[in-house]
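Chains, contacts and geometry: an overview
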Amino acid sequence: MVLAATVVLPGGPVGEFDYAIPDAMADERKPETFVEPGRRVRAPLGRGNRPVIGYCVAVVLKPASPSRPLKALKGVIDTESLVSPPMMRLTRWMADHYLTPWGQVLEGVVPSGVRGKAGTRDVMLLSVPTHVAARLTKLQLPPKQAEVLKALAASSKPLSLKQLAMRADCTSAPINALRKAGLIESRVERLATDGLLAEDMVVERLQPKKLNADQVRTLDTILGAIDSGEHETILVHGVTGSGKTEVYLQAIERVVAFGRQAIVLVPEISLTPQTVGRFRERFDRIAVLHSHQSDVERHRQWRRIAAGEVEVVVGARSAVFAPTPHLGLVVIDEEHETSFKQDTAPRYHARDVALQRTRAENVPLVLASATPSLEAWRYAQPGAPERFRLASMPRRIGDLPMPAVRVVDLRVDGEMRGALSRPLCQAMKQALDDDGQIILLLNRRGYSTHVQCPACGYKLVCDHCDVAMTFHRQDNVVLCHWCDHRAAPPVVCPDCRSPRIRYGGLGTQKLEAEVSARFRGVSIARMDADTMRRPGSHEVALDAFRRGETRILLGTQMIAKGLDFPNVTLVGVVSADSALNLPDFRAAERTFQLVTQVAGRTGRGERGGRVIVQTFDPDHPAIQAAVRHDFERFAREELPNRQALGYPPYGSMARIIARGASEPLVTAYLDQVADAVKQAAVETGVKMRIAGPAPAPITRLRGEFRRHLQLHAPNGDPLRAALKAGWQPIKPPEGVRSIVDIDPVDML
Ligand SMILES: Nc1ncnc2c1ncn2[C@@H]1O[C@H](COP(=O)(O)OP(=O)(O)OP(=O)(O)O)[C@@H](O)[C@H]1O
Ligand SMILES: [Zn+2]
């Protein structure tokens, strides 16, 4: 038998490869060179023995095969495992579920700062072995060496070479002589270069709030699951302002009291100092993980978490992989948010990964939202394939009423004053007169969202993408929001030279200009991707709004969620329709979520609040349900549509997207794949619906043509089988790239 390491390669080729482990790498007493699962190794690949780096995923005994001996590993990179056994199993599941090579999943899950041990360095620490210390006086040594040994033995903790040389006032020569003679032992330890770790911010501690009846009921449900020691998923559906956060903070207190850790996932955009502060007020040791962190900071947090020094991990999507040693609970706040799905490989959804992880570790998962995803909602209904438990919180804290919503029909209201209808203008004036504050939502950035020529019908699109260019007045450019291509704004039609070229369509910049012209002297802040570029700008803008210095806050969806400002007495939705016409089966769901969430930002104080929604489609079921803050009504009306078409949550879906500069090559490749997938689908014996191949909704992006194929099946297994047989084996030609997105969220 030979001791072998099973290795997967992040950079391909796909597959698991066995390598013999040389004796020197099988010695547990030499941790620097020990091979174990979760460490990266150097291995020779292929005929030419090209050196590659891979992850050891298993250590196994293999029967020796003299005719085909295993190649031997060349070296070990990591001095400790980067991936715990449960995490190893989780990444394995992800590789299978998302049809992504295991090595690529591992590379995506272990942060680069952790792989590179950012902010730390290896330090050799010297000490005197106990058996040497015992006979220190009896040793016959040259005087300098005796002095060194005495100095080291007198030290209460191990010393670095430099420290010891200083204490004994010597060069490294006598120290090395002692090491050679086995009188001094050494080990390598990884220490932070900045020496002392920054202390956690000190924040005034707050006591738990006294819960209302709905909160008590919900907390009891969660605590029951925690105490049972079993996995259970609990969907907390609570209207905006019902106090969901307080409930899960108190559930986490129980988990922490048991000496376990909790992970709380929030959308990246909500991960503000304000949010983190709510945790610091209640817990001593918090770790924050987000995508703007430096490698050094991320590595530091990762180590603290792995060492069990942290009670609560708060983070965006990737915090689902936090290496907590004793996980007790995972919470996903605003569970419906699309940012929980990663849009590069591995294309995982944090909700599904969390479900898998909490099941494996036997701990509860809490999903919280005022507008749950239809997936989570269906699974909380009787008779669904998954069984989530539903906890409802239908009332606001303090029994505050939900704000009244008025719909303005833009088709009949002829009295538009630019972007704002007369009712919205009047309501704004009144809110300002009453010393209230206003939130205006418009989910399109820029000034004009399209440039068109009425004379010849010309539309200005990006040179590289099949996307309309947006005019940005501040920089005086037309800009592609997909590839960032910039051009000078045309003054005449580039096609027919007509000077009547029109800049139309409303963006946040234009809205800001209109509002400030109409409400002179009123302080306005705009929050969108253009004004929020610098880190921390979000917080600055929200702080000014909180203090009342800003009276009107307008912006894209980033102002729609989570904000809790009691003085906001009016919310205006400038155009509720922007998401409604997207070629996406979730368009209605997105519209409902956005309008409901932003409407929920008002009426959160004693002063009450109201909402005005402008739309060209006032009878649309999503808008009708949002106007009533009625999620159940929306779900009742939308679910049958999904069921009729076999769309999620009734069945699984996968999308193949192929792209390349040459349209014929992309087409030929995807046609070939489609045939193979259809053939394979028949062989699964499961009824599958396959749509396409067809041009993707965004047909050209960054100069590449895009085509896609969509697969629907009652569940994910036959989909994966068909893709494994039909898609995986067909290598795209040079210049064509192809990806598979399982359970896609992005339909463009
Ligand atoms: N039991 C309680 N007693 C008094 N105030 C409470 C209580 N629970 C929560 N609150 C307060 O009520 C407000 C709303 O709570 P929270 O922000 O947790 O609601 P939410 O359900 O998460 O809302 P949303 O979904 O709109 O973000 C907060 O200011 C919170 O501090
Ligand atoms: Zn472009």
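Cut-offs used in this document
All residue numbers refer to positions counted from 1 along the written sequence of the respective chain. By the order in which they are written, chains take letters starting at A while ligands take numbers starting at 1. Local features are withheld for residues below a pLDDT of 70 in this predicted model, meaning they are given only at 70 or higher, and side-chain atom pairs are given and counted only at 80 or more; totals for whole chains, interfaces and linings count all residues. Put simply, DSSP marks the helices as runs of H or I at least four residues long and the strands as runs of E at least two long, and each gets a number from the N terminus on. Note that the radius of gyration is over C-alpha atoms, with the globule rule given as 2.2 Å times the number of residues to the power 0.38. Here the C-beta atoms are placed from the backbone, and a residue counts as buried if at least 20 other C-beta atoms lie within 10 Å of its own, exposed if 12 or fewer do, and partly exposed otherwise. Each residue gets a C-beta atom placed from its backbone, and two residues are in contact if those atoms lie within 7 Å. The pairing criterion for strands is at least two bridges between them, as found by DSSP. Axis lines are fitted through C-alpha atoms, for helices just across the contact stretch, and the angle between N-to-C directions can take any value from 0 to 180 degrees. UniProt positions are given in the numbering used here, feature names are shortened, and annotations may be inferred rather than shown by experiment. A clockwise path from the first strand over the helix to the second, with the strands pointing away from the viewer, defines a right-handed crossover. We call a residue near a molecule or strand when the C-beta position, derived from backbone atoms, sits within 6 Å of it. Each residue gets one of three labels, nonpolar for Ala, Val, Leu, Ile, Met, Phe, Trp, Tyr, Cys and Pro, charged for Asp, Glu, Lys and Arg, and polar for the others, Gly among them. These domain limits were set by an automatic method or by a database of domain assignments. In a helix, the anticipated span is given by 1.5 Å times the number of residues less one. The pLDDT value expresses, per residue, how confident the predictor is, ranging between 0 and 100. In these notes the angle categories are as follows: under 35 degrees is roughly parallel, over 145 is roughly antiparallel, 65 to 115 is roughly perpendicular, and the rest is oblique. Handedness of a crossing follows from how the near helix is turned relative to the far one, being left-handed for an anticlockwise turn of less than a right angle and right-handed for a clockwise one. Structurally, a nonpolar core is described as a collection of buried Ala, Val, Leu, Ile, Met, Phe, Trp, Tyr and Cys residues joined by way of C-beta atoms within 7 Å.

Within the protein, the regular secondary structure consists of 21 helices and 30 strands. In terms of C-alpha radius of gyration, the protein reaches 30 Å, essentially the compact-globule figure of 27 Å for 748 residues. Overall, the protein is about 105 × 65 × 60 Å in size when its C-alpha atoms are taken along their principal axes. Buried positions account for 43% of the 748 residues belonging to the protein. Considering only contacts in the protein between residues 6 or more positions apart, those separated by 24 or more positions represent 73%.

Among all positions of helix α21 (residues 716–726), only P718, L719, R720, A722, L723 and G726 are buried. Against β27 (652–660), α20 (663–684), β29 (704–713) and β30 (736–742) lie the buried residues of α21.

This brings us to the sheet that holds strand β28 (residues 689–701). Consider a sheet: its strands pair through backbone hydrogen bonds, and that pairing is either parallel or antiparallel. Read across the open sheet, the four strands follow the order β28-β29-β27-β30; overall the sheet is antiparallel. Every interior strand has two partners, whereas the edge strands, β28 and β30, have only one. Geometrically, the sheet is characterised by an average inter-axis angle of 20° between neighbouring strands, direction not taken into account. The pairing of β27 with β30 spans seven bridges and is classified as antiparallel. By the bridge assignment for β30, R659 is matched with R737.

So, on to the sheet that holds strand β1 (residues 2–8). With antiparallel pairing, five strands are arranged side by side in an open sheet as β2-β1-β4-β3-β5. Edge positions in the sheet fall to β2 (17–20) and β5 (75–76), since each has one partner strand and no second. Relative to β5, strand β3 (residues 40–45) runs antiparallel, the two sharing two bridges. The residue bridging V41 from the neighbouring strand is V76, located in β5. Relative to strand β4 (residues 50–62), helix α2 (residues 102–109) is tilted by about 105°, and along the sheet it contacts β1 and β4.

What follows concerns the UniProt feature "domain: Helicase ATP-binding" (unreviewed entry) in the protein. The sites that carry the UniProt feature "domain: Helicase ATP-binding" (unreviewed entry) are, in the present numbering, residues 225–390. Summarising residues 225–390: 33% helix, 20% strand, and an end-to-end C-alpha distance of 12 Å.

Let's shift gears to the pairing of strand β24 (residues 552–555). On β24, burial covers both faces: I552 and L554 on one face and L553 and G555 on the other are all buried. In terms of strand pairing, strand β17 (residues 437–441) meets β24 through four bridges, oriented parallel. Note on β24: the bridge partner recorded for I439 is L553. Note: strand β23 (residues 524–527) against β24, four bridges, orientation parallel. Bridge pairing in β24 links R526 to L554. On the question of chirality, the crossover connecting β23 to the parallel β24 by way of helix α16 (residues 537–546) is right-handed.

Okay, the UniProt feature "binding site: Zn(2+) 2" (unreviewed entry) in the protein next. Residues annotated in UniProt with the feature "binding site: Zn(2+) 2" (unreviewed entry) correspond here to C462, C465, C480 and C483. Taken together, the annotated residues stretch across 22 residues yet fold into one region, lying no more than 8.6 Å apart by C-alpha. The exposure class assigned to C462 is buried, which follows from the 24 C-beta atoms found within 10 Å. Excluding residues within four positions of it along the chain, C462 makes contact with V467, M469, C480, C483 and H485. Mapped onto the secondary structure, C480 falls in the loop between β20 (477–479) and β21 (486–487). Other than its neighbours up to four places away in sequence, C480 contacts C462, C465, V467, M469 and H485.

With that settled, consider the site of ligand 1. Every one of the 18 residues lining ligand 1 counts as a neighbour, but T240, G243, K244, T245 and E246 are closest to it. Counted by class, the shell around ligand 1 contains three nonpolar, ten polar and five charged residues. A domain-level breakdown of the shell around ligand 1 finds at least three residues from each of domain 3 (213–397) and domain 4 (400–445 + 507–643).

Looking now at the domain arrangement of the protein. Looking at the protein, the domain boundaries give domain 1 (2–113), domain 2 (120–192), domain 3 (213–397), domain 4 (400–445 + 507–643) and domain 5 (652–742). Put simply, the middle of domain 1 and the middle of domain 2, counted by C-alpha atoms, are 36 Å apart.

Let us now look at helix α19 (residues 631–645). Relative to the 21 Å expected for 15 residues at 1.5 Å per residue, α19 spans 21 Å between its end C-alpha atoms, a close match to the ideal helical length. Here α19 has its buried residues at F631, F634, A635, E638 and R642. Against the buried residues of α19 lie β9 (233–238), α13 (374–379), α17 (587–599) and α18 (621–627). One or two positions beyond α19, positive phi appears at G646, with a value near 70°.

So, on to the confidence of the model for the protein. When pLDDT is averaged across the protein, the result is 88; 97% of the residues are at 70 or more. Here strand β8 (residues 185–192) is the element of the protein with the lowest mean pLDDT, 73, and strand β10 (residues 261–265) is the one with the highest, 97. The low-confidence segment residues 194–200 (pLDDT under 50) makes five contacts with residues lying over four places distant or belonging to another chain. Here the predicted complex scores 0.86 on pTM and 0.96 on ipTM.

In the contact formed by helix α1 (residues 85–97) and α2, the axes pass within 9 Å of each other and the chain directions differ by 125°. Taken together, the axis directions place α1 and α2 in an arrangement best described as oblique. In this structure, α1 crosses over α2, and the sense of that crossing is right-handed. Seen from α1, the contacting residues are T91, R92, M94 and A95; seen from α2, they are W102, V105, L106 and V109. Class assignment of the residues belonging to the contact of α1 with α2 gives a composition of six nonpolar, one polar and one charged.

Note that soluble globular proteins tend to have their nonpolar side chains buried in a common cluster. By size, the foremost hydrophobic cluster in this structure holds 171 residues, and its most contacted members are V366 and V613. The biggest single contributor to this core is α20, with seven residues. Once residues lying within four places of it in the same chain are set aside, the contact partners of V366 are I222, I234, V236, Y248, A251, L329 and V331. Residues V451, C465, F471 and L479 belong to the second largest nonpolar core, which totals 14 residues.

Our focus in this paragraph is the environment of R280. Summarising the element assignment, R280 is placed in helix α10 (residues 273–280). With 31 residues separating them along the chain, R280 and L249 place their C-alpha atoms 11 Å apart.

Let's shift gears to the packing of helix α5 (residues 143–154) against helix α7 (residues 172–180). Axis separation between α5 and α7 bottoms out at 9 Å; the angle between their running directions is 80°. In terms of axis orientation, α5 runs roughly perpendicular to α7. Residues K144, Q145, V148 and L149 of α5 form the contact with α7, whose own contacting residues are P174, I175, A177 and L178. Tallied by class, the residues present in the contact of α5 with α7 amount to six nonpolar, one polar and one charged.

Among the secondary structure elements, R389 is positioned in strand β15 (residues 388–393). Residues in contact with R389, not counting those within four places in the same chain, are T221, E232, T233, I234 and A380.

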